[in-house]
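Listed here are the chains, written in short residue letters.
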Amino acid sequence: MSKPKVAIFDFACCEGCQLQIVNLEEELLDLISVVQPVTWREAMSEKDDDYDIALIEGSITRPEDEERLRAIRDRADILVALGACATIGGVNKLKNNFELDEVKRCVYGDAADMPHLDTAMTKGADEVVEVDCYVHGCPMDKKEFTHIVKSLALGKEPVIPDYPVCVECKQRGTICRYEYGEICLGVVTRAGCNAPCPSGGLWCFGCRGYAPEPNVQAARDVMEEYDLTVEDLQSKLKLFNSKQEPTNA
Amino acid sequence: MGIRKLSTASLHAWVDRIIAGNRVIGIQAKDDKFAFAPLSAAGDLRLDHDVAYTPPKAFFQPAIETLVRYRGIEHESVVDDDPFVLFGVHPYDMVALNQMAEIWSRDNYDPHYMSRWEQATVVACDVQNVSENCFAGCMGTAHVKEGFDILLTKVGDSYLADYRTEKGEKLADLMEQSRDATDGDLRARREVWHANNRLLRRHELQMFPNNLPELLEKSYDHPVWEEMAERCFSCGSCNLCCPTCYCFDVQDDVEWDLQSGERKRAWDGCMLASFAGVAGGHNFRGDRADRYRHRYYRKGKYVPEMIGECACVGCGRCISACVANIANPVTVYNRLLEDE
Amino acid sequence: MPESVDINVHHITRVEGHGNIVVKANDGTIKKVEWQVPEAPRFFEAMVRGRSFMDIQTIASRICGICSVTHSLAAIKAIESAMGIQVSEQTDRVRRLLQHSEQLESHSLHVGYLVAPDLLGVPSVVPLVSSHPDVVKTVIRIHRLGNEWMELIGGRMTHPVSIRPGGFGMLPTEDDLRGLRERLEGIVPDLKTLAEVVASLAGELPDFERETEYIALVNPPEYALYHGEIGSTDTNRTVPVDQFESVVNEYVSPQSTSKWTRWHRDSFAVGALARFNLNAEYLTPLAAETAKTLGLQKGCCNPYMNSVAQVVEAVQAVEDGIQLCDELLEAGIEPEKPQVEPRAGEGAGCVEAPRGILFHRYAFDENGLCTSANICIPTGQNHGNIQHDFEALVPQVLPSGQEETERLLKMLVRAYDPCISCSTHYLDVRFE
Amino acid sequence: MSCSCNSTSDKDLYVPEPATVLKSEPMTELERFLEFKLASGRELGHMPGQFVELSLPAYGEAPFSISSSPTKNGSFEMVVRQVGNVTSGIHRLQAGEKVGIRGPYGTSFPVEDGLRGQDIMFVCGGIGLVPVRSAIHYVLDNRDDYGDVKILFGCKSPAERLFTDELAAWEERDDVEVLQTVDKGDESWSGNVGVITTLLPKVHVNASNTAAIVCGPPVMYKFVIWDLYEMGLTADGIYVSLERRMKCGLGKCGHCQVNNIYVCQDGPVFNLGEIEEVREAIQ
Ligand SMILES: Cc1cc2nc3c(=O)[nH]c(=O)nc-3n(C[C@H](O)[C@H](O)[C@H](O)COP(=O)(O)OP(=O)(O)OC[C@H]3O[C@@H](n4cnc5c(N)ncnc54)[C@H](O)[C@@H]3O)c2cc1C
Ligand code: SF4
Ligand code: SF4
Ligand code: SF4
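Residues numbered from 1 in each chain as written. Chains lettered and ligands numbered in written order. Predicted model: local features only at pLDDT ≥ 70, side-chain atom pairs only at ≥ 80, totals over all residues. Heavy atoms only, no water.

A. Summary view of the overall build of chain B. Within chain B, the regular secondary structure consists of twelve helices and twelve strands. Against the compact-globule benchmark of 20 Å for 340 residues, chain B has a radius of gyration of 21 Å, which places it among compact chains. Looking at chain B alone, contacts between residues at least 24 apart form 74% of all its contacts between residues at least 6 apart. If you sum the accessible surface of chain B, you get close to 12,900 Å²; carbon and sulfur atoms cover 45% of it. In chain B, the 39 positive side-chain charges and the 52 negative ones have mean positions that sit 3 Å from each other. (Helix = DSSP H or I, 4+ residues; strand = E, 2+ residues; numbered from the N terminus. Rg over C-alpha atoms; globule rule 2.2 N^0.38 Å. Contact = heavy atoms within 4.5 Å. Areas by Shrake-Rupley, 256 points an atom, 1.4 Å probe, with all protein chains shown as cover. Lys, Arg positive; Asp, Glu negative; His and termini not counted. Charge placed at Lys NZ, Arg CZ, Asp CG, Glu CD.)

Put into structure tokens, the structure is as follows:
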């Protein structure tokens, strides 16, 4: 089997996920022993439209980006969504909670009506095209990324956790954020990141999207016990999971 | 073997001598909780801890461990045999470790777990401060009679060190300024045990634990399972923090050569949604309530039927860990008893 | 020789974010020289409205993956200023220690992975792996340390989680700090090697100068990165951070619709070179020596030298990092439990990001919910200056032909180390 | 039913031993037939109904029943349905390649002693034929030791039928009664159409001397067992093989636990009498 050709594309995002690829350091050399990058604007000048695997970073926020993504989908055998912006729309989806016109006016004032400032509702990649594989997280976890690349190279379905972040907190011995009276979305969020946020002194804000069958209703029910409000919870859920069911906690 | 008495100061001096020659894992402060961690000075040891946040099983069955290393089809067993001293294990956790040793060694002997167990010198310590949810007194685990190499009990301002094994004696040999315990000391120690039996009851189980299998036998269709599970996140916290839960998952990690790598096992939990799911989408315990019930049955019936002891040792960790506040075994078992 | 060129670099490579270069000249007459930024706008200032002050850092960090630490710090400082919070000396030190990790990580990434290929005439770092393996390994070691340092203090690489309003949610232990200190000491030889390599290639940097106003934080007698006021090479007057709007003077350029900035001149520059020009005398000893080795002198106005200034700053970050470790270890680490009661207010926060001075301003209501935000980003501040550099450079280099012109323009853009995804929270350019 | 694995303290039961693929060929769209030989040359030493953990480095391990009879020497056979990672990896195996084997594990159909002299009825749905085939061969290779032998086999569609040659050969024999059905027929199929329970009324059994061996998808058991009771069989005369998620095969990982039973150790073959009262066992 010849090395699969990989192309990396970015849409609206902070490029932190691409940075995680660079952060592989020496392992980057191992990576290119298994796959052959042919297009990667942030790191190399060469470009090639012939590729097997397309890695998509960023959310889709403009009609022209949808077209670009469709063209990429057509060329790629496997399309991988890289990071929260691409997998679930990520933080960019916060915008969807406002009137779009008002959002533009807020940032651009009188210039807001100019056509190039047009923005549409933010979408994750799979709201535009079919996605074969998800690398969750904001930013994605580089270890999980390498696991996924190796799996693709082996023709294997990557094993992505389908349980909540709590599991990884317990595995790490991290003290539960609820012990500090804070809302942590770990209970409804898909693990796989190794819980860096709760372990690093923050709560989980749900960047990996919901775990399968999240019990959001239960989360709503327990708020009172911690002197927290459902509004607090809703607000937290919106941060990374706006307009993605089930948000109506 | 024997029982020695030493002052708190000599205890510290003794611990420092142990540290000088051994890898010591000791109970220490972690934020405003306590956790076992590598100990570098006796001053960091907190024998007054209420409960170790993560149970000591983590040092025998690590959260993630390598079982086998492979290169192509050549497989090689990976067994950790680095000796260590585990310092400050509470009695209920000691009971849990004893159960685990029984389970991991019976039928199919597990060299990975058992090697660590055999290499460990366990210094248990009677409880000085009760954690908010401990109910060990109800489970008969407020005090432990065996399994440890040394048992420390604080009596007044001093400690009694009861060493039972050769490994324990080796450590005890490092004590300076200690004397044999007197009958009076032993009486004082018995009082501590009695007191602890009363104090470690933050929740009161209305029955003896050995009646649980019978009670559960009759409770399979009780509404409590559905009612409680309604609020369950299927987060597995109650499993993973439990000193007697040992279920695991196994996955292969592969190197970049795509040929060699490691087969690893990691903590798993029967409360997690896909625990009993198989390829093709069928899930043998797809309902939250079924999973919820399974955990209580496992603690109160299945494991007891296997090893003859209740698998809940009353540490109360699951009660604290459950965000939904539904994981309290005492609440559930009492409810079953009430409705009988 | 009258030259005709038609340069249209659609999405310049090896920079963070999307930028275009358009140059059109007919028979030596320059028709068009433009630096364009077609990055999709992301509307951060609008998105943060209604969010709790406790979530602002999490969101602000996402403006840019490469400067996530400094965006976080600027946001936190603004929040604390709005809520009237004083942080402890320990918090202050640990934050500065964290900021240095990003300086090291970002500068080594930029110089090693993005600029070095230009200096060595290859399209990416990949060919260097076989042609200059030792250099690549050195860069990797430095970059890795920057990242692991960031992870240690910030809780992870990229988008730190330990920083909270009022203090840290997670602090390094004293053992951590001792370990870090040792590693920082250990990286010094690699930094020296890097400096030597860059010095040996400095001849490849174009000899182009343009009188420029440089703007950076100043806080004598330190090489200001975290505290201080806004200084300029055009004036001795400094401006308090809270008045940053009067410095950046955002305006809409007639040639493009992006908001540009200017103070005393048509444009100004921020970044490593700006900081060096304003603060060189306060460099730590080895950093000062490195500047000498590299031939970098105060008053330099060759934008290509920004990459060289970054190397100097990488050394500075490590030296000052060691100093901060020592100070922290001497004082001993005290647990922190930041508890902040929200109150209504408004505040600005400023830090030096790797790419230059960065401003955040937020207003909150009495529940601590954000009511408005203004974020002014270094790359945004540099866009105008890049344009003016282009205008000065193109006539000089046009005779060397299309290819060379294009190469030098791309190198120029890269020298600024633009972080375009940052800048597009508010900036967009009309382009054809 | 005995468990053949014994505990030793000096051996790591997680370390598989190498085996060579002798044959690997497609059977149906989803199933592949594989024949293996242990590299050490030793016989696997299994009994019908037992399984092994097959390990494919980098892909993982999964449990598979041994489909060949212990009466066949020198090699053992498996049929693997492609459903996930390990099974997809196995489907790419070619003759000559190596895999890892742990086992045999679990209980077996008591063909060796318990069932001698009895009439035996095999009831298999789909891939359930795979483990049962081991017992069928065992019984047919010792044909004189048993009474009447009936094989009932049902499949979703004709294309999914396994071991069609062997089924045909068994049909030819006059000492075996073979009945087959498919849930949904097509032009290639002239036999019975209907679920497997539609075959049961067609056979006559001497209930007091008949043992039924039942294996198939989870949904099948309840219905088949119900009908067997109707026919007069008792739980003690019915043997089932259960499938659960499995990781270790050693009674530790907890995945296969059904109430207090570990399917990997106490099963996969159970006398129905043992588990009839066990909730969750037969769904
Ligand atoms: C006793 C027993 C005998 C079996 N015999 C056969 C057989 O002869 N032929 C055949 O094709 N299949 C058989 N299976 C099912 C087979 O084990 C699964 O299809 C296989 O585990 C799927 O693995 P996978 O990696 O391809 O799928 P994935 O979905 O990628 O599974 C990942 C892991 O989950 C577990 N798992 C998933 N599905 C099952 C399952 N159905 N049973 C147990 N564990 C599972 C395994 O540990 C597996 O490694 C048997 C199962 C058991 C328990
Ligand atoms: S802990 Fe939560 S927010 Fe943090 S990386 Fe994991 S999923 Fe994302
Ligand atoms: S069930 Fe709960 S109380 Fe009982 S041993 Fe486990 S964690 Fe402790
Ligand atoms: S900890 Fe509570 S919510 Fe989580 S799985 Fe256990 S019972 Fe359910």
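We are not done yet, so read on.
B. Just the side chain of Ser134 of chain D, in detail. Residue and element names in this part refer to chain D. Position of Ser134 relative to the elements: it lies in helix α2 (residues 129-141). You can call Ser134 buried: its relative accessible area is 0%. In contact with Ser134, other than residues within four places in its own chain, are His46, Pro48, Gly49, Ile66, Ser67, Ser68, Ser69 and Pro70. (Buried < 20%, exposed > 50% of the residue type's maximum accessible area, 1.4 Å probe, protein only.)

C. Spotlight on the pattern of salt bridges. Under the defined criterion, the tally for this structure stands at 77 salt bridges over all chains. The salt bridge partner of Arg69 of chain B is Glu262 of chain B, with a shortest N-O separation of 3.2 Å. Placement of the pair is Arg69 of chain B in strand β4 (residues 64-71) and Glu262 of chain B in strand β12 (residues 260-267), with a sequence separation of 193 residues. Take Arg69 of chain B: its relative accessible area is 37%, and that puts it in the partly exposed class. We note a salt bridge from Arg81 of chain D to Glu31 of chain D, for which the minimum N-O separation is 2.5 Å. Separated by 50 residues along the polypeptide, Arg81 of chain D in strand β5 (residues 76-81) and Glu31 of chain D in strand β2 (residues 31-38) bring together distant segments of the chain. Arg81 of chain D gets classed as partly exposed once you look at its relative accessible area, which sits at 29%. The network of salt bridges with shared partners includes Glu65, Asp80, Asp110, Arg116 and Arg265 of chain B. (Salt bridge = Lys/Arg side-chain N within 4 Å of Asp/Glu carboxyl O.)

D. Region of interest: empty space enclosed by the protein. Residues and elements named next belong to chain A. In total, this model carries 16 cavities of 30 Å³ or more according to the counting rule given. Computed from the structure, the second largest cavity encloses a volume of approximately 150 Å³. Surrounding the second largest cavity, 16 residues form its lining, Val6, Val35, Leu55, Phe145 and Val149 being those nearest its centre. Elements with a minimum of two residues in the lining of the second largest cavity: β1 (5-10), β2 (36-40), β3 (53-57), β4 (78-82) and α6 (142-154). At four residues, α6 tops the list of elements feeding residues into the lining of the second largest cavity. Across the lining of the second largest cavity, the residue classes tally to 16 nonpolar, no polar and no charged. (1 Å grid on protein atoms, 1.4 Å probe; cavity = no way out; pocket = protein on both sides within 12 Å on 5 of 7 lines; lining within 4 Å. Points joined across faces, edges and corners; volume = space filled by probe spheres on them. Nonpolar A, V, L, I, M, F, W, Y, C, P; charged D, E, K, R; others polar.)

E. Layout of the domain arrangement of chain B. All names here are of chain B. As assigned here, chain B comprises domain 1 (2-199) and domain 2 (209-338). Relative placement of domain 1 and domain 2: their C-alpha centres are 26 Å apart. Tallying the contact residues gives 43 residues for domain 1 and 40 residues for domain 2. Buried area between domain 1 and domain 2, both sides added, is near 3,400 Å², and the carbon and sulfur share of it is 57%. Ranking the residues of domain 1 by area buried against domain 2 places Tyr70, Gln99 and Phe135 at the top, with a combined share of 21%. (Domains from an automatic or database assignment. Buried area = accessible area lost by both parts, 1.4 Å probe.)

F. Examining the domain arrangement of chain D more closely. All names here are of chain D. When its domains are assigned, chain D resolves into domain 1 (6-105) and domain 2 (119-241). The C-alpha-based centres of domain 1 and domain 2 are spaced at 25 Å. Each side of the interface is counted separately: domain 1 has 18 residues, and domain 2 has 15 residues. Summing the contributions of domain 1 and of domain 2, the shared interface buries around 1,300 Å²; its carbon and sulfur component is 63%.

G. Molecular detail of the interface of chain A and chain B. Counting residues at the interface gives 36 residues for chain A and 35 residues for chain B. The contact between chain A and chain B buries some 3,000 Å² in all, and 60% of this surface belongs to carbon and sulfur atoms. Seen at the junction of chain A and chain B, the total is one salt bridge. Residue Lys33 of chain B pairs with Glu179 of chain A through a salt bridge whose shortest N-O separation is 2.9 Å. Viewed at the interface, chain B and chain A are joined by eleven residue pairs in polar contact (both at pLDDT 80 or more). (Polar contact = N/O pair within 3.5 Å; in protein donor to acceptor, adjacent residues only side chain to side chain.)

H. Region of interest: the nonpolar core. Formed by 228 residues in total, the largest nonpolar core has its most connected members in Ile21 and Phe145 of chain A, Phe233 of chain B together with Leu296 and Tyr362 of chain C. Those residues in contact with Phe233 of chain B that sit more than four places away from it in its chain are Pro164, Val187, Val188, Asn215, Ala218, Ala219 and Val222 of chain A together with Val323 and Ala324 of chain B. Core analysis: the second largest hydrophobic core is formed by 142 residues, Ala136 and Val144 of chain B together with Val240 and Phe270 of chain D among them. (Core = buried A, V, L, I, M, F, W, Y, C linked by side-chain atoms within 4.5 Å.)

I. View of the sheet that holds strand β9 (residues 177-182) of chain D. Residues and elements named next belong to chain D. Pairing is mixed across the open sheet formed by seven strands, whose spatial order is β10-β9-β8-β7-β11-β12-β15. Only two strands of the sheet have a single neighbouring strand rather than two, namely β10 (192-193) and β15 (269-271). Note: strand β11 (residues 210-215) against strand β12 (residues 238-241), three bridges, orientation parallel. Bridge assignment links Ile213 to a residue of β12, and that residue is Tyr239. Packed onto the sheet, α2 meets β7 (119-125), β8 (149-155) and β11 and runs at close to 155 degrees relative to β7. (Pairing = 2+ DSSP bridges. Axes fitted to C-alpha atoms, helices over the stretch in contact; angles between N-to-C directions.)

J. Here's a closer look at the environment of Pro38 of chain B. Residues and elements named next belong to chain B. Within the secondary structure, Pro38 is located in strand β3 (residues 33-38). Taking the C-alpha atoms as reference points, Pro38 and Phe87, separated by 49 residues in sequence, lie 9.9 Å from one another. Apart from residues no more than four positions distant in its own chain, Pro38 is found in contact with Val24, Ile25 and Gln28.

K. Spatial organisation of the site of ligand 3. Around ligand 3, the surrounding shell consists of Phe135, Cys242, Pro243, Arg295, Lys299, Cys312, Val313, Gly314, Cys315, Gly316 and Cys318 of chain B. Across the shell around ligand 3, the residue classes break down as seven nonpolar, two polar and two charged. (Near = heavy atom within 4 Å.)

L. Here's a closer look at the packing of aromatic side chains. Applying the stated rule across the entire model yields 24 aromatic pairs over all chains. Between the aromatic rings of Trp35 of chain C and Phe390 of chain C, the centroid separation amounts to 6.4 Å while the plane-to-plane angle is 70 degrees, which identifies the pairing as edge-to-face. Here Phe390 of chain C lies in helix α12 (residues 378-397) and Trp35 of chain C lies in strand β3 (residues 29-36), a separation of 355 residues in the sequence. One aromatic cluster is present, built from ring pairs that chain together Phe60, Phe84, Trp104, Tyr113, Trp117, Tyr246 and Phe248 of chain B. (Phe/Tyr/Trp six-rings, centres within 6.5 Å; stacked < 30°, edge-to-face > 60°.)

M. Highlighting the confidence of the model for chain D. Residue and element names in this part refer to chain D. Of the residues in chain D, 96% have a pLDDT of 70 or more, and the chain-wide mean is 90. Counting contacts from residues 1-9, a segment whose pLDDT is below 50, to residues more than four positions away or on other chains yields 21 contacts. Model confidence for the complex is summarised by a pTM of 0.92, with the ipTM given as 0.92. (pLDDT = per-residue confidence, 0-100.)

N. Representation of unusual backbone geometry within the structure. Here Cys138 of chain A and Pro139 of chain A are connected by a cis peptide whose omega angle stands at -5 degrees. Mapped onto the fold, Pro139 of chain A is located in the loop between β5 (133-135) and α6. Geometrically, the link from Pro220 of chain C to Pro221 of chain C is a cis peptide bond, its omega value of 5 degrees lying close to zero. Here Pro221 of chain C is to be found in the loop between β6 (213-218) and β7 (229-232). In this model, Asp107 of chain B sits at a positive phi of 55 degrees, which is unusual for a non-glycine residue. For Asp107 of chain B, the location among the structural elements is in the loop between α2 (91-105) and α3 (111-119).

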